[in-house]
Amino acid sequence: MFPHDRSILGGHCHCPDSPHYLRALTDMADRRAVVTQDAIYTDNGIKLVEKGARIDSRLYDRLVQHKLRDPIDRHLTVENAVDVPALIAAGRDLVEQNALPQMLAQALGSAARLLAPLRSMPCPRPSPSSSR
């Protein structure tokens with residue numbers, strides 16, 4: 001996720017450490033495994049959350065009380081997050097199974113040309129526990 005993007009977590013413009021964004025993130029983490037890939041520190045250097053810790057809504061109050069050193073998104077990974085290989089595989093399935101994507105691929109000369117823009121999609125790093 002990127003600062004000031006419209007997020008699927010709320011549909012509103014967000015700053016990664018705003019209370020609303022942190023609430024949406026910690027609520028989502030109650031439903032999906034969200035883990036810190038690095039420790040999270042305040043801007044004063046105080047460690048709030050250890051590396052490898054599971055994030056959930058119980059951490060919301062702790063996170064929202066402090067200004068963080070870095071945007072929280074830089075420290076988190078979501079289990080089974082969408083990544084570029086998954087997008088391309090889904091795109092290939094669509095091309096094989098649906099008329100409109102097939103026609104688009106034919107018009108461009110190949111499915112690979114149709115799906116090429118997916119390779120430049122900014123996606124989060126895969127979770128270390130991900131089996132992809």
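Just above sits the structure.
Everything numeric in this text was worked out from a predicted model, so none of it was measured.

Criteria and cut-off values
Residues numbered from 1 in each chain as written. Predicted model: local features only at pLDDT ≥ 70, side-chain atom pairs only at ≥ 80, totals over all residues. Heavy atoms only, no water. Pairing = 2+ DSSP bridges. Helix = DSSP H or I, 4+ residues; strand = E, 2+ residues; numbered from the N terminus. Phe/Tyr/Trp six-rings, centres within 6.5 Å; stacked < 30°, edge-to-face > 60°. Lys NZ or Arg CZ within 6 Å of the ring centre and 35° of its normal. Axes fitted to C-alpha atoms, helices over the stretch in contact; angles between N-to-C directions. Parallel < 35°, antiparallel > 145°, perpendicular 65-115°, else oblique. Contact = heavy atoms within 4.5 Å.

### What about the sheet that holds strand β4 (residues 54–55)?
An order of β4-β1-β5 is seen for the three strands of this open sheet, with the pairing classed as antiparallel. Whereas interior strands pair on both sides, the edge strands pair on one side only; in this sheet they are β4 and β5 (76–78). The pairing of strand β1 (residues 34–36) with β4 spans two bridges and is classified as antiparallel. Residue pairing across strands places Val-35 opposite Arg-54, the latter belonging to β4.

### Structural notes on the packing of aromatic side chains
All chains considered together, the criterion is met by zero aromatic pairs. Directly above the ring of Tyr-60 sits Arg-23, whose terminal nitrogen or CZ lies 3.7 Å from the centroid. Note that Arg-69 overlies the ring of Tyr-41, its terminal NZ or CZ placed 4.9 Å from the centroid.

### Section: the packing of helix α3 (residues 84–97) against helix α4 (residues 99–108)
Where α3 meets α4, the closest approach of the two axes is 6 Å, and the angle between their N-to-C directions is 100°. Judged by the angle between their axes, α3 and α4 are roughly perpendicular. Together, Leu-94, Val-95, Glu-96 and Gln-97 of α3 and Ala-99, Pro-101, Gln-102 and Ala-105 of α4 make up the contact between the two elements.

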